[in-house]
Amino acid sequence: MDFTFTEEQLAAAEAARGVFAGVAPDAVPSPALTTGAVAEGLDRELWSRLAAADLLSLLLDEVHGGAGLDAIALCLVLRESAGVLARVPLLEHSAAAAAVQTHGGTELAGRLLGRTGRGELVLTVAANGRTGHDPAESAVTARREGPAWVLDGVQTAVPWAYDADLVVVPAHVEGTAADRTVLALVPRDRDGVELAEQVSTSGERLAELRLASARIDAVDVIEADGAWEWLHALLTIGTCALALGLGERVLRMTSEYTGRREQFGYPIATFQAVAVQTADRYIDLRAMEATLWQAAWRISSGAPGALPLAGDVAVAKIWAAEGVRRVVQTAQHLHGGFGADTDYSLHRYHAWAKHLELALGPAAAYEERLGDLLAVHPLG
């Protein structure tokens, strides 16, 4: 399989490197020393630079002012963002906008997408369910009442909810025999919508989204079959890209440290035990990368495979969740006490890695999903 990137995809990655070059991962207080969130909101200056570089409209068609690129390009940009722990909703915003474009109506797309591409309108997605362990589409119910949908339920750990103008909420339609999910674009200041502050392991401000008879106009609800499954797959693949970028940066930090740190007159990087551990983590990263591009290619191309798209997504998420955990644990071990120093950024990467490991479900949930798929679609 040829994973060679196109010129346009490489150009997007190069633009991202330029934008993120001046971003410091320790620009906000350490989550280890902060009782609440490390900051009130997203990095607005960085958000403006991303918009100016046309990186908020990568997936949008030219008619909406976008570049018309695909999930692979988005993952390349997300990979760069994770290396500096960029505090922006790049994944959620881009994925939500892509869902509106792909599955929403013409009126909705025309009204929202130009502004989202320019960063004037911020989107996020409620994708963690009521507890973080149950399906997001089961946490909220939707019923049709005349020209509107009425939503009730709770979604936990919604990222960037306090900064977003609209939260994309999957909701199960009441009274349907088959499982049917719609996507409602919920304004956070709408009657019946309440946010309760939560804080992630990385110190970022999240929200529990509480909906009590919140009325959403039908034009702001995406009813297309498969829209939520598509959006969830894109979010999961993007999370894998973030884990890969973070893991690569941490392994680079570890390599630089063990090359400088001497014991018994030699750099500890020359010791066999150290070399073997870092080599194992390098293998983890390469496996994370291969499975990520396989899944991103499937969602971008729509190409068939031995398993449905969900199978490739599950494999990528399993490797990302377990791989990034192993990478940061090995890094902490090889850094010794220095890795826990709050004046050094490694502990920040560890906290972000834990959040990414569990985001949208831990590895075990995807292992179960993969097993179910294999039972229905046996290989060979």
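Residues numbered from 1 in each chain as written. Predicted model: local features only at pLDDT ≥ 70, side-chain atom pairs only at ≥ 80, totals over all residues. Heavy atoms only, no water.

Trainee: I'd like to hear about the overall build of the chain, residue by residue, with values.
Mentor: Counting secondary structure elements, the chain contains 10 helices and 10 strands. Taken over the C-alpha trace, the chain has a radius of gyration of 21 Å; the compact-globule value for 380 residues is 21 Å, and the two agree within 12%. Expressed along its principal axes, the backbone C-alpha trace of the chain runs to roughly 80 × 50 × 40 Å. By residue count, 54% of the 380 residues in the chain fall in the buried class. Total accessible area computed for the chain in this model is approximately 16,300 Å², and 52% of it derives from carbon and sulfur atoms. (Helix = DSSP H or I, 4+ residues; strand = E, 2+ residues; numbered from the N terminus. Rg over C-alpha atoms; globule rule 2.2 N^0.38 Å. Buried < 20%, exposed > 50% of the residue type's maximum accessible area, 1.4 Å probe, protein only. Areas by Shrake-Rupley, 256 points an atom, 1.4 Å probe, with all protein chains shown as cover.)

Trainee: So what about the packing of helix 6 (residues 227–260) against helix 8 (residues 309–335)? Which residues, and what values?
Mentor: Between helix 6 and helix 8, the least distance of the axes is 9 Å, while the angle of their chain directions is 25 degrees. With respect to helix 8, the element helix 6 is oriented roughly parallel. Like other packed secondary-structure pairs, helix 6 and helix 8 cross with a definite hand, here left-handed. Classifying every residue of the contact of helix 6 with helix 8 gives 18 nonpolar, 6 polar and 1 charged. (Axes fitted to C-alpha atoms, helices over the stretch in contact; angles between N-to-C directions. Parallel < 35°, antiparallel > 145°, perpendicular 65-115°, else oblique. Left-handed = near helix turned anticlockwise from the far one by under 90°. Nonpolar A, V, L, I, M, F, W, Y, C, P; charged D, E, K, R; others polar.)

Trainee: Summarise the pattern of salt bridges; cite the residues concerned and give the values.
Mentor: What the rule picks out here adds up to 26 salt bridges. When the shortest N-O distance is used, the salt bridge between Arg79 and Glu289 registers 3.2 Å. Here Glu289 lies in helix 7 (residues 272–301) and Arg79 lies in helix 3 (residues 71–83), a separation of 210 residues in the sequence. A residue is classified by how much of its surface remains accessible, and Arg79, at 16% relative accessible area, is buried. Take Glu289: its relative accessible area is 18%, and that puts it in the buried class. Among the ionic pairs, Arg205 bridges to Glu197, the shortest N-O distance being 2.6 Å. Residue Glu197 is classed as partly exposed on the basis of its relative accessible area of 47%. (Salt bridge = Lys/Arg side-chain N within 4 Å of Asp/Glu carboxyl O.)

Trainee: Quick rundown of the packing of helix 4 (residues 90–103) against helix 6? Include the residues and the values.
Mentor: As a packed pair, helix 4 and helix 6 sit with axes 10 Å apart at the nearest point and diverge in direction by 150 degrees. Here helix 4 is positioned roughly antiparallel relative to helix 6, judged by the angle of their axes. Relative to helix 6, helix 4 is oriented so that their crossing is right-handed. Across from Leu91, Glu92, Ala95, Ala96, Ala98, Ala99, Thr102 and His103 in helix 4, the residues of helix 6 making contact are Ala227, Trp230, Leu231, Leu234, Leu235, Gly238, Thr239 and Leu242. (Contact = heavy atoms within 4.5 Å.)

Trainee: Can you tell me about the environment of Ala227, naming the residues and giving the values?
Mentor: Of note, Ala227 is situated in helix 6. Along the chain, Ala227 and His103 lie 124 residues apart, while their C-alpha atoms are 6.0 Å from each other. Other than its neighbours up to four places away in sequence, Ala227 contacts His103, Leu183 and Ile222.

Trainee: Please provide a residue-by-residue account of the side chain of Gln155, values included.
Mentor: Among the secondary structure elements, Gln155 is positioned in strand 3 (residues 148–159). Judged by its relative accessible area of 0%, Gln155 is buried. Contact partners of Gln155, with chain neighbours within four places excluded, come to Ala126, Ala127, Asn128, Gly129, Ala136, Ala139, Val140, Val169, Pro170, Ala207, Glu208 and Leu209.

Trainee: An account of helix 3 is requested, with residue identities and associated values reported.
Mentor: Over its 13 residues, helix 3 runs 19 Å from end to end, which matches the ideal 18 Å to within 8%, given 1.5 Å per residue. Of all 13 residues making up helix 3, 12 are buried, and the element is well covered by its neighbours. By the burial criterion, the buried members of helix 3 are Ala71, Ile72, Ala73, Leu74, Cys75, Leu76, Val77, Leu78, Arg79, Ser81, Ala82 and Gly83. Where helix 3 is buried, its residues contact helix 1 (7–20), helix 4, helix 6, helix 7 and helix 9 (346–358). Downstream of helix 3 by one or two residues, Leu85 has phi in the positive range, about 55 degrees. (Expected span 1.5 Å × (residues − 1).)

Trainee: I'd like a rundown of unusual backbone geometry, residues and numbers included.
Mentor: In this structure, Leu85 takes a positive phi of about 55 degrees despite not being glycine. Positionally, Leu85 belongs in the loop between helix 3 and helix 4. Non-glycine residue Ser213 carries a positive phi angle of around 55 degrees. Inspection of the secondary structure assignment puts Ser213 in strand 7 (residues 205–217). Relative accessible area serves as the criterion here: at 42%, Ser213 is assigned to the partly exposed category.

Trainee: Explain the packing of aromatic side chains residue by residue, including any values.
Mentor: Inspection of every chain in the model, using the stated rule, returns 3 aromatic pairs. Considering the side-chain rings of Phe5 and Trp293, the 5.0 Å spacing of their centres and the 75 degrees angle between planes classify their relative orientation as edge-to-face. One end of the pair, Phe5, is in the segment before helix 1; the other, Trp293, is in helix 7, and 288 residues separate them in sequence. Of the residues examined, Phe5 reaches a relative accessible area of 23% and is grouped as partly exposed. Here a set of aromatic residues connected by ring pairs shows up, and it is made of Tyr257, Phe338 and Tyr344. (Phe/Tyr/Trp six-rings, centres within 6.5 Å; stacked < 30°, edge-to-face > 60°.)

Trainee: Pulling in residues and values, what's your account of the pairing of strand 6 (residues 193–199)?
Mentor: With 7 bridges connecting them, strand 6 and strand 7 associate as antiparallel partners. Counterpart to Val193 in the pairing with strand 7 is Leu211. (Pairing = 2+ DSSP bridges.)

Trainee: Lay out helix 4 with the relevant residues and their values.
Mentor: The end-to-end C-alpha distance of helix 4, which contains 14 residues, comes to 20 Å, matching closely the 20 Å that a straight helix rising 1.5 Å per residue would cover. Most of helix 4 sits out of view: 12 of its 14 residues are buried. Within helix 4, the full set of buried residues consists of Leu90, Leu91, Glu92, His93, Ser94, Ala95, Ala96, Ala97, Ala98, Ala99, Val100 and Gln101.

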